[in-house]
Amino acid sequence: MTISTMYDALTARYTFACPEREQTHVALSAFRLLERLPGAAHPAVYGVRFACACGGEHPGLVGHDDLDWAPLGGSSGQFVDLMTARTGEVGNELLELAASQLKAGEWPWSFYCYPEDRPRPVFPSSFVAVAPGDSWLGLAVRCPVCGALSVNLVSHAHVDLPFANDQRIGVVDHVFAEDALRSLEEFQAELHSSRFDERRLHLD
Ligand SMILES: [Zn+2]
Ligand SMILES: [Zn+2]
């Protein structure tokens, strides 16, 4: 199994193969379905379906590190310092920034767990499905603590950028069955028939 995903921390985009254009660069919010593949444990591998700029949806593979840590600077991408015209490691600077934000009690990603009735920190590997909307996204998350599926309505930035948590989000007011989100069509149908409560994602 070849995993050719690359994450560019400067643009917050993953690179995947596209059958139409060879390569495409997509943000986390363009992911539609994510599933941890059985087998490979170290590192774990996730099978995703993503919405491509060519208009299609394609499958891709993402390693656990790329999914959760690359957006925090965990991959050692190189960048050019415009002031000194030297190349540097963008990874180290981003990691330092992420570390200081974590120490300050900020979470890179968060969601509201409906059955537990509280916000929880989370990593993208706990995302299950993303449904596109006009100004919001439906985000299905499997709670890393209680294991239940919750669906939140969030901004694109909330998904794409670490430490860009929405202050207020929508929370679907019921627990989802295990098999409710087998396809994006089912997820969107669920979203359209659901009620949302507003919740604060404030962390204190
Ligand atoms: Zn494509
Ligand atoms: Zn929970």
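Treat the numbers as computed from the prediction; the structure is a model and nothing was measured.

So, the overall build of the protein
Of regular secondary structure, the protein possesses four helices and 15 strands. Across the 204 residues that make up the protein, the buried fraction comes to 44%. Considering only intrachain contacts with a sequence separation of at least 6, the fraction spanning at least 24 residues in the protein is 50%.

Points about the packing of aromatic side chains
Enumeration over the complete set of coordinates arrives at seven aromatic pairs. On the numbers, 5.0 Å between centres and 45 degrees between planes, the contact of Trp69 with Phe123 is tilted. Residue Trp69 is found in the loop between α1 (64-68) and β7 (78-81), and its partner Phe123 is found in the loop between β10 (118-121) and β11 (127-132); the two are separated by 54 residues along the sequence. Residue classification places Trp69 among the partly exposed positions, given a relative accessible area of 38%. For Phe123, a relative accessible area of 28% gives the class partly exposed.

Details of the coordination of the zinc ion (ligand 1)
Bound to the zinc ion (ligand 1) are the protein donor atoms Cys18 (SG), Cys52 (SG), Cys54 (SG) and His58 (NE2), situated 2.1 to 2.3 Å from the metal. The sequence pattern describing where the donors of the zinc ion (ligand 1) fall on their chain is C-x33-C-x1-C-x3-H. One end of the pair, Cys18, is in strand β2 (residues 13-18); the other, Cys54, is in the loop between β5 (44-51) and β6 (57-63), with 36 residues separating them in the sequence. Relative accessible area serves as the criterion here: at 27%, Cys54 is assigned to the partly exposed category.

Side note on the nonpolar core
Within the largest apolar cluster, 37 residues are counted, with the highest numbers of intra-cluster contacts made by Tyr14, Phe16, Phe31, Leu67 and Phe127. Counting only elements with at least two residues in this core, the list comes to β2, β4 (31-41), β5, β9 (110-113), β11, β12 (137-142) and β14 (168-172). Tallying contributions element by element places β5 first for this core, with four residues. The next biggest cluster of nonpolar side chains, apart from the first, holds 15 residues, and it includes Leu33, Val128, Leu184 and Phe187.

Observations regarding the coordination of the zinc ion (ligand 2)
In the first shell of the zinc ion (ligand 2), the protein supplies Cys113 (SG), Glu116 (OE), Cys143 (SG) and Cys146 (SG), at 2.0 to 2.4 Å from the metal. Because the angles between the four donor atoms bound to the zinc ion (ligand 2) fall within 101 to 120 degrees, the donor set is best described as tetrahedral. Here the donor residues for the zinc ion (ligand 2) map to a single chain with the spacing C-x2-E-x26-C-x2-C. Exposure remark for Cys146: the relative accessible area of 37% places this residue in the partly exposed category.

Topic: unusual backbone geometry
The bulk of non-glycine residues show a negative phi, and the bulk of peptide bonds are trans. Notably, Asp117 is not glycine yet its phi reads approximately 55 degrees, a positive angle. By the element assignment, Asp117 lies in the loop between β9 and β10. Overall, the relative accessible area of 46% leaves Asp117 in the partly exposed class.

Considerations on the pairing of β6
Looking at chain direction, β5 and β6 are connected through seven bridges and run antiparallel. Bridge pairing in β6 places Arg49 opposite Pro59. A loop of five residues connects β5 with β6, the two strands running antiparallel in sequence, and Gly55 in this loop sits at a positive phi of about 100 degrees.

Points about the sheet that holds β2
Ordered by their spatial adjacency, three strands build an open sheet running β1-β2-β3, and the pairing between neighbours is antiparallel. Since the sheet does not close on itself, it has two edges, and those belong to β1 (6-8) and β3 (22-26), each with one partner. Neighbour to neighbour, the strand axes of the sheet diverge by 35 degrees on average, direction disregarded. Strand direction decides the pairing type here: β1 and β2, joined by three bridges, are antiparallel. Bridge assignment links Asp8 to a residue of β2, and that residue is Arg13.

What counts as what
- Residues numbered from 1 in each chain as written.
- Chains lettered and ligands numbered in written order.
- Predicted model: local features only at pLDDT ≥ 70, side-chain atom pairs only at ≥ 80, totals over all residues.
- Heavy atoms only, no water.
- Helix = DSSP H or I, 4+ residues; strand = E, 2+ residues; numbered from the N terminus.
- Buried < 20%, exposed > 50% of the residue type's maximum accessible area, 1.4 Å probe, protein only.
- Contact = heavy atoms within 4.5 Å.
- Phe/Tyr/Trp six-rings, centres within 6.5 Å; stacked < 30°, edge-to-face > 60°.
- Donors = N, O, S within 2.8 Å, 3.2 Å for Na, K, Ca; no water.
- Core = buried A, V, L, I, M, F, W, Y, C linked by side-chain atoms within 4.5 Å.
- Tetrahedral: all angles 85-135°; square planar, octahedral: opposite > 155°, others 65-115°.
- Pairing = 2+ DSSP bridges.
- Axes fitted to C-alpha atoms, helices over the stretch in contact; angles between N-to-C directions.

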